[in-house]
There are 2 protein chains.
Amino acid sequence: MTHARLTPLAQSLPANVPFVGPEAQERSLGRAFKARLGANENIFGPSPRAMAAMAETEHWKYGDSESIELRTALADLHGIAPENIIVGEGIDGLLGYLVRLLVGEGDAVVTSEGAYPTFNYHVTGFGGVLHKVPYRDDREDPSALFAKAAEVDAKIVYLANPDNPMGTWHDGAALERALDDLPQNSLLLLDEAYIECAPEGTAPALSANDPRVIRMRTFSKAYGLAGARIGYAIAAPELITAFHKVRNHFGLNRAAQAGALAAVRDQDYLTQVQTKIADARDRIAQIAGESGLTVLPSAANFVAIDCGQDGTFAKAVLDALVARGIFVRMPFAAPQNRCIRVSCGRPEDLDLFAAALPEALKAARGA
Amino acid sequence: MTHARLTPLAQSLPANVPFVGPEAQERSLGRAFKARLGANENIFGPSPRAMAAMAETEHWKYGDSESIELRTALADLHGIAPENIIVGEGIDGLLGYLVRLLVGEGDAVVTSEGAYPTFNYHVTGFGGVLHKVPYRDDREDPSALFAKAAEVDAKIVYLANPDNPMGTWHDGAALERALDDLPQNSLLLLDEAYIECAPEGTAPALSANDPRVIRMRTFSKAYGLAGARIGYAIAAPELITAFHKVRNHFGLNRAAQAGALAAVRDQDYLTQVQTKIADARDRIAQIAGESGLTVLPSAANFVAIDCGQDGTFAKAVLDALVARGIFVRMPFAAPQNRCIRVSCGRPEDLDLFAAALPEALKAARGA
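Residues numbered from 1 in each chain as written. Chains lettered and ligands numbered in written order. Predicted model: local features only at pLDDT ≥ 70, side-chain atom pairs only at ≥ 80, totals over all residues. Heavy atoms only, no water.

Novice: Help me understand the UniProt feature "domain: Aminotransferase class I/classII large" (unreviewed entry) in chain A, please; the structure alone is not making it clear to me.
Specialist: UniProt tags residues 36–357 of chain A as "domain: Aminotransferase class I/classII large" (unreviewed entry). Across residues 36–357 of chain A, the secondary structure splits into 39% helix and 15% strand, with the terminal C-alpha atoms separated by 14 Å. (UniProt positions renumbered as here; feature names shortened; annotations may be inferred. Helix = DSSP H or I, 4+ residues; strand = E, 2+ residues; numbered from the N terminus.)

Novice: Help me understand the interface of chain B and chain A, please; the structure alone is not making it clear to me.
Specialist: Often, the extent of an interface is quoted as the loss of accessible area upon association of its parts. At the junction of the two partners, chain B supplies 82 residues and chain A supplies 82 residues. When the two sides are added together, the surface that chain B and chain A hide from each other amounts to roughly 6,900 Å², 55% of it contributed by carbon and sulfur. On inspection of chain B and its partner chain A, the count reaches eight salt bridges. Linking Asp64 of chain A and Arg27 of chain B is a salt bridge whose minimum nitrogen-to-oxygen distance equals 2.9 Å. (Contact = heavy atoms within 4.5 Å. Buried area = accessible area lost by both parts, 1.4 Å probe. Salt bridge = Lys/Arg side-chain N within 4 Å of Asp/Glu carboxyl O.)

Novice: Any chance you could explain the pattern of salt bridges here in plain terms?
Specialist: Oppositely charged side chains are able to pair whenever their charged atoms sit close together. Counted under the stated rule, the structure contains 44 salt bridges over all chains. Here Glu151 of chain A makes a salt bridge to Lys148 of chain A, at a shortest N to O gap of 3.6 Å. Remark: Lys148 of chain A and Glu151 of chain A occur in helix α7 (residues 142–152); sequence separation between them is three residues, near one turn of the helix. The network of salt bridges with common partners includes Glu23, Arg36 and Glu41 of chain A together with Arg254 of chain B.

Novice: I keep staring at the domain arrangement of chain A and nothing clicks. Help me out?
Specialist: All names here are of chain A. Here the domain parsing of chain A yields domain 1 (20–44 + 268–366) and domain 2 (48–265). Computed over C-alpha atoms, the centres of domain 1 and domain 2 are 25 Å apart. Counting from both sides, the interface comprises 25 residues of domain 1 and, opposite them, 25 residues of domain 2. For the pairing of domain 1 and domain 2, the buried interface totals around 1,900 Å² over both sides, and the portion due to carbon and sulfur atoms is 64%. (Domains from an automatic or database assignment.)

Novice: Sorry, what's going on with the relation of the copies chain B and chain A here?
Specialist: Superposing the two chain copies requires a rotation about an axis and a translation along that axis. When chain B is fitted to chain A, the residual RMSD is 0.0 Å, and the transformation amounts to a turn of 180° plus an axial shift of 0.0 Å. Put plainly, the chains are arranged around a two-fold axis. The position closest to the rotation axis in chain B is occupied by the C-alpha of Ala55 of chain B, lying 2.4 Å away. (Least-squares fit on C-alpha atoms with pLDDT ≥ 70 in both.)

Novice: Explain the pairing of strand β12 (residues 339–343) of chain A here, please?
Specialist: Residues in a regular strand point their side chains to alternate faces of the sheet. Residues and elements named next belong to chain A. Burial within β12 is extensive, with five of its five residues counted as buried. By the alternation rule, side chains of β12 split into Cys339, Arg341 and Ser343 and Ile340 and Val342, which are all buried. Inspection of the sheet shows strand β10 (residues 302–306) paired to β12 by five bridges, in the antiparallel sense. Looking across to β12, one finds that Ala304 is bridged to Arg341. (Buried < 20%, exposed > 50% of the residue type's maximum accessible area, 1.4 Å probe, protein only. Pairing = 2+ DSSP bridges.)

Novice: Would you mind going over unusual backbone geometry with me for this structure?
Specialist: A negative phi angle is the norm for most residues apart from glycine, just as the trans form is the norm for most peptide bonds. Cis peptide bonds are those with omega within 30 degrees of zero, and the linkage from Ala334 of chain A to Pro335 of chain A qualifies with -5°. Inspection of the secondary structure assignment puts Pro335 of chain A in the loop between β11 (326–327) and β12. Of note, the phi angle at Arg229 of chain A is positive, near 55°, even though the residue is not glycine. By the element assignment, Arg229 of chain A lies in the loop between β7 (213–218) and β8 (231–234). For Arg229 of chain A, a relative accessible area of 4% corresponds to the buried category. Although it is not a glycine, Ser67 of chain B adopts a positive phi angle of roughly 45°. Mapped onto the secondary structure, Ser67 of chain B falls in the loop between α3 (48–55) and α4 (68–78).

Novice: How should I be thinking about the sheet that holds strand β5 (residues 156–160) of chain A in this particular structure?
Specialist: Strand pairing within a sheet occurs via backbone hydrogen bonds; the two strands may be parallel or antiparallel. All names here are of chain A. Pairing in this open sheet of seven strands is mixed, and the strands run β2-β8-β7-β6-β5-β3-β4 from one edge to the other. Single-partner strands in this sheet number two, and they are β2 (85–88) and β4 (129–133). Strand-to-strand twist of the sheet, defined as the mean angle between neighbouring strand axes without regard to direction, takes the value 20°. The sheet contacts of helix α6 (residues 117–125) involve β3 (108–112), β4, β5 and β6 (187–191), and relative to β4 the element is tilted by about 145°. Packed on one face of the sheet, α7 meets β3, β4, β5 and β6 and runs near 165° to β3. (Axes fitted to C-alpha atoms, helices over the stretch in contact; angles between N-to-C directions.)

Novice: Got a minute to help me understand the packing of helix α11 (residues 267–290) of chain A against helix α13 (residues 347–366) of chain A in this structure?
Specialist: In a packed pair of helices, the relevant descriptors are the angle between the two axes and the axis-to-axis distance. All names here are of chain A. α13 packs onto α11 with a crossing angle of 15° between their chain directions and a minimal axis gap of 10 Å. The angle between α11 and α13 places the two elements in the roughly parallel class. The hand of the α11/α13 crossing is right-handed. The segment α11 lies against α13, with Ala280, Arg283, Ile284, Ile287 and Ala288 engaging Pro347, Leu350, Asp351, Phe353, Ala354 and Leu357. Residues belonging to the contact of α11 with α13 are distributed by class as follows: nine nonpolar, no polar and two charged. (Parallel < 35°, antiparallel > 145°, perpendicular 65-115°, else oblique. Left-handed = near helix turned anticlockwise from the far one by under 90°. Nonpolar A, V, L, I, M, F, W, Y, C, P; charged D, E, K, R; others polar.)

Novice: Quick question: what am I supposed to make of the sheet that holds strand β2 (residues 85–88) of chain B here?
Specialist: Residues and elements named next belong to chain B. Reading across the sheet, the seven strands line up as β2-β8-β7-β6-β5-β3-β4 and stay open at both edges, with mixed pairing between neighbours. Strands at the two margins of the open sheet, each flanked by one partner only, are β2 and β4 (129–133). On average, each strand axis in the sheet is inclined to that of its neighbour by 20°, with strand direction left out of account. In this structure, strand β7 (residues 213–218) lies alongside strand β8 (residues 231–234), joined through four bridges in antiparallel fashion. The residue bridging Met216 from the neighbouring strand is Ala233, located in β8.

Novice: Would you take a moment to explain the packing of helix α12 (residues 311–323) of chain B against helix α13 (residues 347–366) of chain B for this structure?
Specialist: Residues and elements named next belong to chain B. Contact pair α12 / α13: the axes reach a minimum separation of 8 Å and the direction vectors enclose 130°. Looking at the two axes, α12 sits oblique to α13. Here α12 runs over α13; the crossing is right-handed. Together, Phe313, Ala316, Val317, Ala320 and Leu321 of α12 and Phe353, Ala356, Leu357, Ala360, Leu361, Ala363, Ala364 and Arg365 of α13 make up the contact between the two elements. Partitioning the contact of α12 with α13 into residue classes produces twelve nonpolar, no polar and one charged.

Novice: Honestly, the pairing of β2 of chain A in this entry has me stumped. Any pointers?
Specialist: All names here are of chain A. Of the two faces of β2, the one carrying Ile85 and Val87 and the one carrying Ile86 and Gly88 are both buried. Direction of pairing for β2 relative to β8: antiparallel, over a ladder of four bridges. Within β8, the residue paired with Gly88 across the bridge is Gly231.

Novice: What is the right way to read the packing of aromatic side chains from this model?
Specialist: Within a pair of aromatic rings, the relevant descriptors are the distance that separates the centres and the angle that separates the planes. Going through the model one piece at a time under the given rule, you end up with twelve aromatic pairs over all chains. Aromatic side chains Tyr194 of chain A and Phe302 of chain A sit 5.2 Å apart centroid to centroid with 80° between the ring planes, which places their arrangement in the edge-to-face category. A residue pair is termed long-range when its members are at least 10 positions apart, and Tyr194 of chain A in the loop between β6 and β7 and Phe302 of chain A in strand β10 qualify at 108 residues. Residue Tyr194 of chain A is classed as buried on the basis of its relative accessible area, which comes to 4%. Owing to a relative accessible area of 0%, Phe302 of chain A belongs among the buried residues under this scheme. Ring plane angle 20° and centroid distance 4.8 Å describe the contact between Phe119 of chain B and Tyr158 of chain B, whose orientation is recorded as stacked. (Phe/Tyr/Trp six-rings, centres within 6.5 Å; stacked < 30°, edge-to-face > 60°.)

Novice: Which parts of the structure should I look at to understand α7 of chain A?
Specialist: Owing to its 3.6 residues per turn, the α-helix aligns residues three or four sequence positions apart on the same side. All names here are of chain A. Within the span of α7, buried status applies to Pro142, Leu145, Phe146, Ala149 and Val152. Buried residues of α7, seen end-on, are gathered within an arc of 135° and therefore sit on one face of the element. Facing away from the buried side of α7 by more than 90 degrees, the exposed set consists of Ala150 and Glu151. For α7, the secondary structure elements touched by its buried residues are β3, β4, β5, α8 (172–178) and β6. One or two residues past the end of α7 sits Asp153, with phi positive at roughly 55°. (Arc of directions from axis to C-beta.)

Have a look at this one:
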């Protein structure tokens, strides 16, 4: 078999990773991070009930290919039908399936400059053509996204609310109004990975059967199960059913299904985590302020700190933090890349960040 | 978004499941199976060390996108380099990636009539055209497969050794000789999911750098971690690298990585399981014999029992077993569908099967 037997599309793709993970960075650095604040994981961890459910799992059995118990619990939580829900291998996995269903070679897709790279990876991977619009005031710009979608006849428009990497958000009612301008032939992919961290009213009050939208949710963020790789999408049954055409039917980890189910059933724990996240956001703002920096308002489990200069300077701050054992990340696109992005950690994680930030700024200013 | 916005390929695909899982069958039946002997899971379970490693996992962290520790341990086990190994979401997941890399719409792929349906699902899902050759003497027929590959210019030739659903196998040395007839432009996909259950010498002694072959292995069978969804492929580095073009880089469950690593390091436990599997195969043969039936020789963790008549009769036996709470499956294609396929269970599982089989045969004969 020669390399030339790859499909022409596969030949054209790069073999690189959207993100370099913290473990890979630790191997490059030759030591472990002291504070893991870069991947927007939930350092407060999952519900103890989820931990127990996972520990008790009979790992020798394949998981339920229909995820019935979990889909039923999620349907109850949201007041919708199980037929409106597909469970998948994290939002990353679901993004891949959705793009595969809709995007053929040459098809147009719209997203924001600097938005989630893994979505872009899937679009490129299936031969789609990305059209990007800039953020407006460090927020995604629905009007501009929908106008671009009309212009290029987009199959999908990607919009994260709250947004990653900035943490900014739109009020749900504003999004509902903006939807009037979504082209009839475009599907809005509403990435709500951080919605449980956001104020009441951030999620638009849309019918689960609204054919204009698919919403994606995850157990990786507020629910603290990033390692389990499990998320779900909410959409009209016709679109949900289409996932069965391409998904890996027995691809879900059995313990992840059990852990997610226990997590959904422990909404009290989620409430506790939401408080811890809000406290951590405040603390990060305080730490930034002590160094004369400002933060962007955040409805997510991380905060973007404006380092006050350009992307080169923010990168120097980031590198100096990483060199001090503090794992953080930063936005990719200008002018958002004047910021660094710090995940909500425990008080002890943020103490380490508080100690390192002034040194990192000093190092970056001297660089 | 209208359904018509799916890609033409996606529109053409059915939304059905290659297999109906045991949980789905239990929901249809309205009760739980008494013995779960249909999915070739390893009922003896994983190593206690794997269980412990999974229970201790910090589920809030994403997994290592490079699976370095696991790939290094596997490389040591096989005496190859980590660059020869890609870890993925079970063989099912890896099959999907491989097909996506190689098979474009209209490309030819060769497999056996009645072989693994999930492979076929992926080929169809990417628009490939399947060409099937019959089994010979209830075994896959390498010569016929490779001749068909030459005839249709196949991108991939699928061959499972040991075979599923029959449990039969080829000696590794015979496969090595047969490889001389593999067309230069075809890749042999050697599915070795059951290789740890097979006699020494069943795996061909091929270089991991041999560009003609990719081998797939799993933790779902002998290692007892089906629910974890983790497997790996061995191939030349050029082909392994290509997986990075399309794979879900952060798609692996962190606990699965930890469990697989602990399982690889506990080869003593694997040896114990191999003995239990061999004993269970003998017991299944004995049970069949007590009902006047014969079994096919098996190098896997299941045994095909020849029910002595046609597929209609075997299906009646299967249905009667299922009605009695015994979950088994059967081959899809004639004449192999004269058999039922029974997974290696614990003595108590096989006691239940032994009690049900005579009744099931009686019911089928009376039907």
